[in-house]
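Overview (structure and organization)
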Amino acid sequence: MQGVRKAYPTLGNGVHMDLASGTYTVLDELMYKRLNWIWYITQPEPELKGGSATMKVSSDMIKKMHQEVE
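1. Thoughts on the pairing of strand 3 (residues 34-41)
Side-chain direction in a regular strand flips from residue to residue, so the side chains alternate between the two faces of the sheet. When strand 2 (residues 23-30) meets strand 3, the two strands line up antiparallel, connected through eight bridges. Counterpart to Leu 27 in the pairing with strand 3 is Trp 37. Hairpin connection, strand 2 to strand 3: the antiparallel pair is bridged by three residues, and Tyr 32 has positive phi, about 65°.

2. Some remarks on the pairing of strand 2
Pairing of strand 1 (residues 16-20) with strand 2 involves five bridges; the strand directions are antiparallel. Bridge assignment links Leu 19 to a residue of strand 2, and that residue is Tyr 24.

3. Observations concerning the environment of Leu 35
Tracing the backbone through its elements, the reader meets Leu 35 in strand 3. Separated by 26 residues in the primary sequence, Leu 35 and Pro 9 place their C-alpha atoms 14 Å from one another.

Procedures and definitions
- Within any chain, residue numbers begin from 1 and follow the written order of that chain's sequence.
- pLDDT decides what is reported in this predicted model: residues at 70 or higher carry local features, side-chain atom pairs at 80 or more are listed and counted, and totals for whole chains, interfaces and linings draw on all residues regardless.
- Only heavy atoms go into the side-chain values, all of them from the structure, while hydrogens and water stay out.
- For two strands to be treated as a pair, DSSP must find at least two bridges joining them.
- In this description a helix means any DSSP run of H or I spanning at least four residues, a strand means any run of E spanning at least two, and both kinds are numbered starting from the N terminus.

Structure (structure tokens):
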């Protein structure tokens, strides 16, 4: 948590958004030094199967996201 606080010194005073090309992250510090984060990436929507609007991501999908951000 110390590294995150060093990068985002205002964390804890509300929601923090970190913007980059094609992506952004929302960070929110919770009680007891816990961090809630959401990483949004601009990309085509996945094909929905059945009635579900959620999907389980694979390791390959996560690797691809990291490569695209770099």
